[in-house]
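# Architecture at a glance
Read off the chains here:
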Amino acid sequence: MKLFTKMTKIALFGATLGFAGNSVAAEAMDLDSLLKTLEQGKTQQSAQNKQREQEFAARQNEQVQMLKNTQAKRNQMLVESERLETQFEENEVKLANLTDTLSKRMGSLKELFGVLQQVAGDSSNKFATSVVSAQLPGRGAFMDELAQKMGSTSKLASIEDIEKVWFELQREMTEQGKVSRFTTDVIVEGGNKAKQEVMRVGAFNLISEGKYLDYNTSTNTLSELTRQPVGRYTSTANDLQQAKSGTVQFALDPTGGSILGLLVQAPDTSEQVHQGGAVGYVILGVGLLALIIAIERFVSLMLMGSKIRRQLKDSVPRGDNPLGRVMKVKDQYPDVAYDTLELKLSEAILREMPKITRNLTLIKIISVVAPLLGLLGTVTGMINTFQAITLFGTGDPKLMAGGISQALVTTVLGLVVAIPTVFLYTLLNTRSKNLLLILQEQSAGIIAERSEKGA
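The present account deals with the structure reproduced in this document. (Residues numbered from 1 in each chain as written. Predicted model: local features only at pLDDT ≥ 70, side-chain atom pairs only at ≥ 80, totals over all residues. Heavy atoms only, no water.)

The subject of this paragraph is the overall build of the protein chain. In terms of helices and strands, the protein chain carries 13 helices and 5 strands. The buried share of the protein chain, taken over its 455 residues, is 27%. The long-range fraction of contacts in the protein chain, counting pairs at least 24 apart against all pairs at least 6 apart in sequence, stands at 62%. When the accessible surface of the protein chain is summed, it comes to about 30,000 Å², and 59% of that surface belongs to carbon and sulfur atoms. (Helix = DSSP H or I, 4+ residues; strand = E, 2+ residues; numbered from the N terminus. Buried < 20%, exposed > 50% of the residue type's maximum accessible area, 1.4 Å probe, protein only. Contact = heavy atoms within 4.5 Å. Areas by Shrake-Rupley, 256 points an atom, 1.4 Å probe, with all protein chains shown as cover.)

With that settled, the discussion passes to the nonpolar core. Counting 23 residues, the largest nonpolar core has Val-326, Leu-345, Ile-356, Ile-363, Leu-428, Leu-435 and Leu-439 as the members making the most contacts within it. Every element with two or more residues in this core is listed here: helix 9 (277–312), helix 10 (322–332), helix 11 (338–356), helix 12 (360–392) and helix 13 (397–454). Val-326 has contacts with Leu-345, Ala-348, Ile-349, Glu-352 and Leu-439, leaving out every residue within four places of it along the chain. Residues Phe-142, Met-143, Ala-147 and Met-150 belong to the second largest nonpolar core, which totals 11 residues. (Core = buried A, V, L, I, M, F, W, Y, C linked by side-chain atoms within 4.5 Å.)

Another aspect to go through is helix 5 (residues 159–175). With 17 residues, helix 5 extends 24 Å from end C-alpha to end C-alpha; this agrees with the ideal 24 Å at 1.5 Å per step. For helix 5, the set of buried residues is Asp-161, Val-165, Glu-168, Glu-172 and Glu-175. Down the axis of helix 5, the buried set is contained in an arc of 110 degrees. They therefore lie on one face. Opposite the buried face of helix 5, by more than 90 degrees, sit the exposed residues Ile-159, Glu-160, Trp-166 and Met-173. (Expected span 1.5 Å × (residues − 1). Arc of directions from axis to C-beta.)

Okay, the side chain of Ser-367 next. Relative to the elements of secondary structure, Ser-367 occurs in helix 12. Within the local environment of Ser-367, its side chain forms a polar contact with the backbone oxygen of Lys-364, the two atoms lying 2.5 Å apart. Those residues within four positions of Ser-367 in sequence are excluded, and the remaining contacts are Ala-418, Thr-421 and Val-422. (Polar contact = N/O pair within 3.5 Å; in protein donor to acceptor, adjacent residues only side chain to side chain.)

This part is about the pairing of strand 5 (residues 221–224). Summarising the sheet, strand 1 (residues 179–187) and strand 5 pair through 2 bridges and their orientation is parallel. Within strand 5, the position partnered with Ile-187 by the bridge is Ser-223. Across 4 bridges, the pairing between strand 4 (residues 211–216) and strand 5 is antiparallel. Opposite Asp-214, over in strand 5, you have Ser-223 as the bridge partner. The antiparallel hairpin formed by strand 4 and strand 5 contains 4 residues in its connecting segment, where Asn-220 sits at a positive phi of about 55 degrees. (Pairing = 2+ DSSP bridges.)

What follows deals with a negative patch on the surface. Residues Glu-82, Glu-85, Glu-89, Glu-90 and Glu-92 make up a contiguous surface patch of negative charge. Secondary-structure assignment places Glu-89 in helix 2 (residues 31–106). (Patch = residues over 30% accessible without salt bridge, like charges linked within 9 Å, V, L, I, M, F, W, Y side chains within 5 Å. Salt bridge = Lys/Arg side-chain N within 4 Å of Asp/Glu carboxyl O. Lys, Arg positive; Asp, Glu negative; His and termini not counted. Charge placed at Lys NZ, Arg CZ, Asp CG, Glu CD.)

Turning our eyes to something else, we now look at unusual backbone geometry. We note that Glu-209 has phi near 55 degrees; this positive angle belongs to a residue other than glycine. Along the chain, Glu-209 falls in the loop between strand 3 (205–208) and strand 4. The exposure class assigned to Glu-209 is exposed, which follows from its relative accessible area of 52%. Its identity is not glycine, yet Asn-220 carries a phi of approximately 55 degrees, on the positive side. Mapped onto the fold, Asn-220 is located in the loop between strand 4 and strand 5.

Okay, a nonpolar patch on the surface next. On the surface, Leu-288, Leu-291, Ile-292, Ile-295, Phe-298, Val-299, Met-302, Leu-303, Phe-423 and Leu-427 cluster together to form a nonpolar patch covering roughly 910 Å² of accessible area. Among the elements of the structure, helix 9 and helix 13 are those that each provide at least two residues to the nonpolar patch. Element by element, the count of residues in the nonpolar patch is highest for helix 9, at 8 residues. Among the structural elements, Ile-292 can be located in helix 9.

This part is about the pairing of strand 1. The pairing of strand 1 with strand 2 (residues 193–201) spans 9 bridges and is classified as antiparallel. Bridge pairing links Val-186 to Ala-194 in strand 2. In this antiparallel pair of consecutive strands, strand 1 and strand 2, the connection spans 5 residues, and Gly-190 shows a positive phi of 105 degrees.

Attention now goes to the packing of aromatic side chains. A full pass over the atoms with the stated rule returns 1 aromatic pair. A cation over an aromatic ring shows up here: Arg-139 above the ring of Phe-127, its NZ or CZ 4.2 Å from the ring centre. Here Lys-164 stacks its cationic end above the ring of Phe-142, 4.4 Å away from the centre of that ring. (Phe/Tyr/Trp six-rings, centres within 6.5 Å; stacked < 30°, edge-to-face > 60°. Lys NZ or Arg CZ within 6 Å of the ring centre and 35° of its normal.)

Let us look at helix 10. For helix 10, the full list of buried residues reads Pro-322, Leu-323, Gly-324, Val-326, Met-327 and Val-329. Its side-chain oxygen placed 3.2 Å from the backbone nitrogen of Leu-323, Asn-321 serves as the N-cap of helix 10.

We now examine the packing of helix 9 against helix 12. Two elements in contact, helix 9 and helix 12, have axes separated by 10 Å at closest approach and are oriented at 165 degrees. As summarised for this structure, helix 9 and helix 12 are arranged roughly antiparallel, according to the angle between their axes. Every pair of crossing elements has a handedness; the one defined by helix 9 and helix 12 is left-handed. Listed contacts from helix 12 to Val-279, Val-282, Ile-283, Val-286, Leu-289, Ala-290, Ile-293, Ala-294 and Arg-297 of helix 9 are Leu-360, Leu-362, Ile-363, Ile-366, Ala-370, Leu-373, Gly-374 and Gly-377. In the contact of helix 9 with helix 12, the residues fall into 14 nonpolar, 2 polar and 1 charged. (Axes fitted to C-alpha atoms, helices over the stretch in contact; angles between N-to-C directions. Parallel < 35°, antiparallel > 145°, perpendicular 65-115°, else oblique. Left-handed = near helix turned anticlockwise from the far one by under 90°. Nonpolar A, V, L, I, M, F, W, Y, C, P; charged D, E, K, R; others polar.)

Structure follows, in structure tokens:
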């Protein structure tokens, strides 16, 4: 403090000298005036220093008082902390004693509430995946909340909670045995929502507009299957939805959608045909050709047979049927010997034979070639399958099974074409032989008649 006072005086003295120098330079000043000025500055500086010292001392006392107050508050907080620690330890002992008493008093009820918690959790998961929730949404929220509450706290379930759990379980069992109708939003083809009448068959299937529906458990929405099963299943769904009472056959999926998902993945008839590839198309082409030829031959032989039967009833030969043309040979050669007439009749029958047996050989060839083409397609398909196994291994059984399935499609197509083609060939060949037999029979009769006349 003294050092600060001295430095202040020296600074003021220098400032005074500078001021005095300026004043001397500005105007003339004697030494007495200068001395008087210095004394006045000294007196003023001393007064200011005293004032500053008094202010500093006052502030120092305030700081000392603040320090004392803070220390007192700290001591008070330490005492309070010790008291709280003691109380905490006592509370822990009391809580342990109360928990032990609660466990003893609960007895078998503790096991009951444990089972209730487990049942609530399992029921929540069951309700989340049940198709009944499509008609009765929000049932799993209570079960989930109850299971979490009983698992995270020591609060016991009330009688109302237990009764509600029983009610929801009973309602689930009851609804599983019902076929009910309700109206809700359904996501149809194209992603649009439409208000439709939905029929729920127990806890197994949901149908609407004759189509099977899929229940999305994460979004609680209903949507039409992107691909419906084959018609014999969807027809039962349509019959069930249109029925008002009575018993109706319905394709039920007891697995809740697993079997239906497999049926949807299974290829239909058209897709199986396309799996046959180029060889399959060739087999179908030759089969169609055989069918067209068979129809043409069947119609021709039927008309030809009707004309021959009319000719049998008429003694006048006509030229619109094979028998009439054969009978005309007798009139063309009235005077030849019977052996010559026999040759002429045989020649006429031979001329009619190509018309009667036309294209039958082609049908027979197709019946033989079709299974061979199927075998060819199977062999090439198996080659492709084993090449895929060579590249990708046998880690995926579906790859090998799918390739073998596609390879066997051509064999099936070949047999499908060959079996009816053989039947058609046999039928047409028998009919044509019957017609030729009539011609030969009538020819033998004509020869016998000529032979009797010659004798």
